[in-house]
Amino acid sequence: MMPLQSAEGQGGLKTGFYSSSCPDAEAIVRSSVKYYYDNDPTIAAGLLRLHFHDCFVQGCDGSVLIKGASAERSAIANRGARGFEVIDYAKSQIEASCPGVVSCADILALAARDSVDLSDGPSWNVPLGRRDSRISLASEVDLPSPFESIADHRQKFADKGLDDQDLVTLVGAHTIGQTHCQFSSYRLYNFTKTGNADPTISPSFLPKLQNICPVDGDGSKPVDLDIDSQKKFDVSFFKNVRDGNAVLESDQRLWGDSVTQKIVNKYAGNFKGLLGVRFAYEFRRAMIKMSSIEVKTGTEGEIRQICSRFNYY
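Computed from a prediction, not measured in an experiment: that's the story for all the values here. (Residues numbered from 1 in each chain as written. Predicted model: local features only at pLDDT ≥ 70, side-chain atom pairs only at ≥ 80, totals over all residues. Heavy atoms only, no water.)

Peer 1: Could you clarify how one ought to interpret the UniProt feature "binding site: heme b" (unreviewed entry) in the protein chain in this entry?
Peer 2: According to UniProt, the "binding site: heme b" (unreviewed entry) feature falls on His 174. Positionally, His 174 belongs in the loop between helix H6 (164–171) and strand E1 (178–180). What makes His 174 partly exposed here is its relative accessible area of 23%. (UniProt positions renumbered as here; feature names shortened; annotations may be inferred. Helix = DSSP H or I, 4+ residues; strand = E, 2+ residues; numbered from the N terminus. Buried < 20%, exposed > 50% of the residue type's maximum accessible area, 1.4 Å probe, protein only.)

Quick look at the structure:
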């Protein structure tokens, strides 16, 4: 898919940042992501989520990639995070070509873009120039949770300079996402201790979810967040939210809020082609905005030699 028109990021980022210093950087990241994607298409959602989790803690600075007992990566909210090996592989390839030039934070931003593109979603020119952090603390991880209200999510997004349009658009990444039964089973059998299922789940969808996540079943069993087309980046996720077919309670709650409902409905509409283009455009815009959160540039931070650990001088 051809990239959409270029756009500059905020905070000193710019497209083509490595055009002279490491001209093959983007191609190397792309080939690395494709190598893993061809073996397991679900890695795309993992890489996209990894970038989101990075940006929402200290900004987009590669802090989620650091290994360590007290690092972000070890936080409860990141226990299901995956795709680290893809970033490490891409970094090793880039270091062999142009050592000490390309940050892990930029590799992660590029990998997220390539993951969407490989999943038949939009592409965009990623503004680059991020530097890697020298701090990574699990205690600072406070990510939006599937158990939280829309008000909680709205506040966490607002704290990062993101509005309701960004919130709904970025949650649309769940079109290629997965969760686990432990995050949705409570909706299926004894919701709020009533003995019944969550009433916002459509009657036709409930038995499908119960079949995937039986009572007292394996909580670690994966569940596609977009049952209809989990490997394709499209607008069916929003149709599912509209129709009561969302897997996560927080996703379904987008339909229960008057503001977010209008945005969901706009994306879901009846004209799939037209609305697909609109979502593609808005997702590209929201990703560029999100990937510019609290970035470190210039002489801030460092360019890590290995993405999973800080440099030592």
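Let's pick the thread back up.
Peer 1: In this structure, what is going on with the nonpolar core? I would like to understand it.
Peer 2: Among soluble globular proteins, nonpolar side chains are generally buried collectively. By size, the foremost hydrophobic cluster in this structure holds 73 residues, and its most contacted members are Leu 48, Leu 65, Ile 87, Ile 94, Phe 238, Phe 283 and Met 290. Of all the elements, helix H4 (residues 104–118) adds the most residues to this core, at 9 residues. Beyond its immediate sequence surroundings of up to four residues, Phe 238 is in contact with Val 168, Gly 172, Val 264, Tyr 267, Ala 268 and Phe 279. Among the nonpolar cores identified, the runner-up in size contains 11 residues, and Leu 188, Ile 201, Leu 209 and Leu 248 belong to it. (Core = buried A, V, L, I, M, F, W, Y, C linked by side-chain atoms within 4.5 Å. Contact = heavy atoms within 4.5 Å.)

Peer 1: Is there a simple way to explain the side chain of Lys 91 in this structure?
Peer 2: Examined against the element boundaries, Lys 91 turns out to sit in helix H3 (residues 84–97). A distance of 2.7 Å separates the side chain of Lys 91 from the backbone oxygen of Val 102, its partner in a polar contact. Beyond its immediate chain neighbours, meaning those up to four positions away, Lys 91 contacts Val 102, Cys 104, Ile 107, Ile 303, Arg 304, Gln 305 and Cys 307. (Polar contact = N/O pair within 3.5 Å; in protein donor to acceptor, adjacent residues only side chain to side chain.)

Peer 1: Looking at this model, I keep getting lost on the environment of Lys 14. Mind explaining?
Peer 2: In this structure, Lys 14 sits in the segment before helix H1 (25–39). Taking the C-alpha atoms as reference, Lys 14 lies 5.2 Å from Leu 128; in sequence the two are 114 residues apart.

Peer 1: What should I look at first to understand the packing of H1 against H4 in this one?
Peer 2: For any two helices packed against each other, the geometry comes down to the angle between their axes and how far apart the axes lie. Where H1 meets H4, the axes come as close as 9 Å, and the angle between the chain directions of the two elements is 55 degrees. By the angle class used here, H1 and H4 are oblique. Along this stretch, H1 crosses H4, giving a crossing that reads as right-handed. Along its contact with H1, which presents Glu 26, Val 29, Arg 30, Val 33, Lys 34 and Tyr 37, the element H4 presents Ile 107, Leu 110, Ala 111, Arg 113, Asp 114, Ser 115, Asp 117 and Leu 118. Among the residues making up the contact of H1 with H4, the classes are represented as 7 nonpolar, 1 polar and 6 charged. (Axes fitted to C-alpha atoms, helices over the stretch in contact; angles between N-to-C directions. Parallel < 35°, antiparallel > 145°, perpendicular 65-115°, else oblique. Left-handed = near helix turned anticlockwise from the far one by under 90°. Nonpolar A, V, L, I, M, F, W, Y, C, P; charged D, E, K, R; others polar.)

Peer 1: Please clarify how the packing of H1 against H3 should be interpreted in this entry.
Peer 2: In the contact formed by H1 and H3, the axes pass within 9 Å of each other and the chain directions differ by 145 degrees. The two elements H1 and H3 meet at a crossing, and its hand is right-handed. Contacts from Ala 25, Ile 28, Val 29, Ser 32, Val 33 and Tyr 36 in H1 reach Glu 85, Val 86, Tyr 89, Ala 90, Gln 93, Ile 94 and Ser 97 in H3. The residue inventory of the contact of H1 with H3, partitioned by class, reads 9 nonpolar, 3 polar and 1 charged.

Peer 1: Mind showing me how you'd approach unusual backbone geometry here?
Peer 2: Of all residues except glycine, most have a negative phi; of all peptide bonds, most are trans. Despite not being glycine, Asp 216 has its phi angle at roughly 60 degrees, a positive value. As for its placement among the helices and strands, Asp 216 is situated in the loop between helix H7 (206–212) and strand E2 (222–224).

Peer 1: I would appreciate a short explanation of the state of the cysteines in the present structure.
Peer 2: On inspection of all chains with the given rule, the structure shows 4 disulfides. One disulfide in the model links Cys 22 with Cys 98; its S-S distance is 1.8 Å. Note that Cys 22 is positioned in the segment before H1 and Cys 98 in the loop between H3 and H4, a separation of 76 residues in sequence. A disulfide bridge connects Cys 104 with Cys 307, and the sulfur atoms are separated by 2.1 Å. Taking the sign of the torsion about the S-S bond as the criterion, the disulfide between Cys 104 and Cys 307, at about -95 degrees, is left-handed. Of the two residues, Cys 104 is situated in helix H4 and Cys 307 in the segment after helix H11 (272–290); the sequence distance between them amounts to 203 residues. For the residue pair Cys 104 and Cys 307, the accessibility class agrees, reading buried in each case. Numbered in order of appearance, the disulfide-bonded cysteines of the protein chain are paired 1-4, 2-3, 5-8, 6-7. (Disulfide = S-S within 2.5 Å.)

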